[in-house]
Amino acid sequence: MKNKLRFETLAIQSTAPDGDDTCSVANAIYPSTTFERETDGSYQSGFVYTRDNNPNRQLLEDSLNTLEQGKKALAFASGMAAASAVLQSLSTGDHVLLPDDAYYCMHRSLREVYNHWGLQHSIVDMTDLEAVRSAMQSNTRLLWLESPSNPLLKISDIAALADIAHQHDALCVVDNTWATPVLQSPLALGADAVMYSTTKYFGGHSDSLSGALVLNQNAEDAWLERLTTIQKLNGAVPSPFDCWLILRGLKTMKLRLQQQTRNAKQLAEFLATQPGIQQVHYPDLPSHPQHLLAQQQMPSGSGAMLSIQYGNHPSEAMQLTGRLNLFTAATSLGGVESLIEHRKSVEGALSPTPDNLLRISVGIEHIEDLKADWLQALNA
Ligand SMILES: *Cc1c(COP(=O)(O)O)cnc(C)c1O
């Protein structure tokens, strides 16, 4: 019955309490780290210890899995903890192929952490399928994708790339944080799993750090078992309160994203007409190099993130952020409030991000107010 319902309905139904003695309509929070055992050794509720599982986490994982129509969802203490679990499910000597434009901590993690554990990696432009084919090695076990990418909003062809991965017996995992299941379904396109920083659009209010993996229904049992073991033994699990916040966020995620995506598209179109701005990176603009692929892969819109290039010196871009009143200069994204960030100075000297790039996370404010704010900041 539940699977025949549409996303909006499932987002409400799958996050509701499943009927305890109190008859609450809203979810309770279960901070208990431990659960009482029966004299026969069993546990009446099935819960034993919160690192292994907890009622709030169980509900969150079930809800994420229902919304994504996967095999199983696993919740983590952050997006990076979820991504790390995927890397830790590989073996020493395995090779990972990563996009050139991707969340910078993925590059750092492979370079600074997993390198020491014998995991090899190389970086490729995922928009160039030929380049990807030639970068695949006999020991490539994971093709890591991020589309739209951070911070240049590159779009990669998930179905074609999943095919390439599978031809080489490699897994294809997609960081779907910027698109969310509202705008893009990598599992339906053949990916083996999606990874989320639920810190962003799922939470939606910039107040919970957490992450998740959802596995494709076809994913191998052995891989799921391995990931579950890593989740429970490494212990990078979300707190009951964080699970509760993400469950609350899920209920309004689609509404928020629709408004944010509408705002982002209008803002991108507006900024593209402003003389001081050299470039606007937004997949739903016809000038975007993968515009057609974006429309096909994300038919209901390309999301609420965009980036622009402004000025000739990084300080000009930085100063512009100070003249905006409705965009808070801060890192992160996906909340109801608009944010702006000078990306290169956050990513560090090794980052290939252009010096004059500003990344914008568009919120749910009124678009005319947002445009007016840009107009005054650009002309001040
Ligand atoms: C924020 C982010 C991450 C990392 O998530 P955390 O919750 O901060 O660990 C990974 N990928 C993308 C695309 C992100 O925006």
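In what follows, the accompanying structure is described. (Residues numbered from 1 in each chain as written. Predicted model: local features only at pLDDT ≥ 70, side-chain atom pairs only at ≥ 80, totals over all residues. Heavy atoms only, no water.)

## Some thoughts on the packing of helix 2 (residues 55–68) against helix 9 (residues 240–272)
At step 1: For the pair helix 2 and helix 9, the least separation of the axes is 8 Å and the interaxial angle reads 35 degrees. In this structure, helix 2 meets helix 9 at a crossing whose hand is left-handed. Contacts from Asn-56, Arg-57, Leu-59, Leu-60, Ser-63, Leu-64 and Leu-67 of helix 2 reach helix 9 at Pro-240, Cys-243, Trp-244, Ile-246, Leu-247 and Leu-250.
At step 2: Considered class by class, the residues forming the contact of helix 2 with helix 9 number 10 nonpolar, two polar and one charged. (Axes fitted to C-alpha atoms, helices over the stretch in contact; angles between N-to-C directions. Helix = DSSP H or I, 4+ residues; strand = E, 2+ residues; numbered from the N terminus. Left-handed = near helix turned anticlockwise from the far one by under 90°. Contact = heavy atoms within 4.5 Å. Nonpolar A, V, L, I, M, F, W, Y, C, P; charged D, E, K, R; others polar.)

## What about the packing of aromatic side chains?
At step 1: Going through the model one piece at a time under the given rule, you end up with five aromatic pairs.
At step 2: Here the aromatic rings of Phe-241 and Trp-244 are separated by 6.0 Å at their centres, their planes lie at 20 degrees, and the arrangement is stacked. Separated by three residues within a single helix, Phe-241 and Trp-244 lie in helix 9, roughly one turn from each other.
At step 3: Among the residues examined, Phe-241 registers a relative accessible area of 44% and is labelled partly exposed.
At step 4: In this structure, Lys-200 packs its charged tip against the face of Tyr-103, placed 5.5 Å from the ring centre. (Phe/Tyr/Trp six-rings, centres within 6.5 Å; stacked < 30°, edge-to-face > 60°. Buried < 20%, exposed > 50% of the residue type's maximum accessible area, 1.4 Å probe, protein only. Lys NZ or Arg CZ within 6 Å of the ring centre and 35° of its normal.)

## Some thoughts on the environment of Cys-23
At step 1: Here Cys-23 is to be found in the loop between helix 1 (7–13) and helix 2.
At step 2: It is 31 Å that separates the C-alpha atoms of Cys-23 and Val-336, two residues lying 313 residues apart in sequence.

## Examining the pairing of strand 1 (residues 72–76)
At step 1: Along strand 1, four of the five residues are buried, which leaves the element largely enclosed by surrounding structure.
At step 2: Sheet analysis places strand 1 next to strand 7 (residues 211–215), joined by five bridges and oriented antiparallel. Counterpart to Lys-72 in the pairing with strand 7 is Leu-215. (Pairing = 2+ DSSP bridges.)

## Considerations on the sheet that holds strand 11 (residues 339–342)
Note on sheets: strands pair through backbone hydrogen bonds, and any given pair is parallel or antiparallel.
At step 1: With mixed pairing, the five strands of this open sheet are ordered in space as 8-9-12-11-10. Whereas interior strands pair on both sides, the edge strands pair on one side only; in this sheet they are strand 8 (277–281) and strand 10 (328–329).
At step 2: Where strand 9 (residues 305–310) and strand 12 (residues 357–361) come together, five bridges link them in antiparallel fashion. Each residue of the ladder has a partner; that of Ser-307, found in strand 12, is Arg-359.

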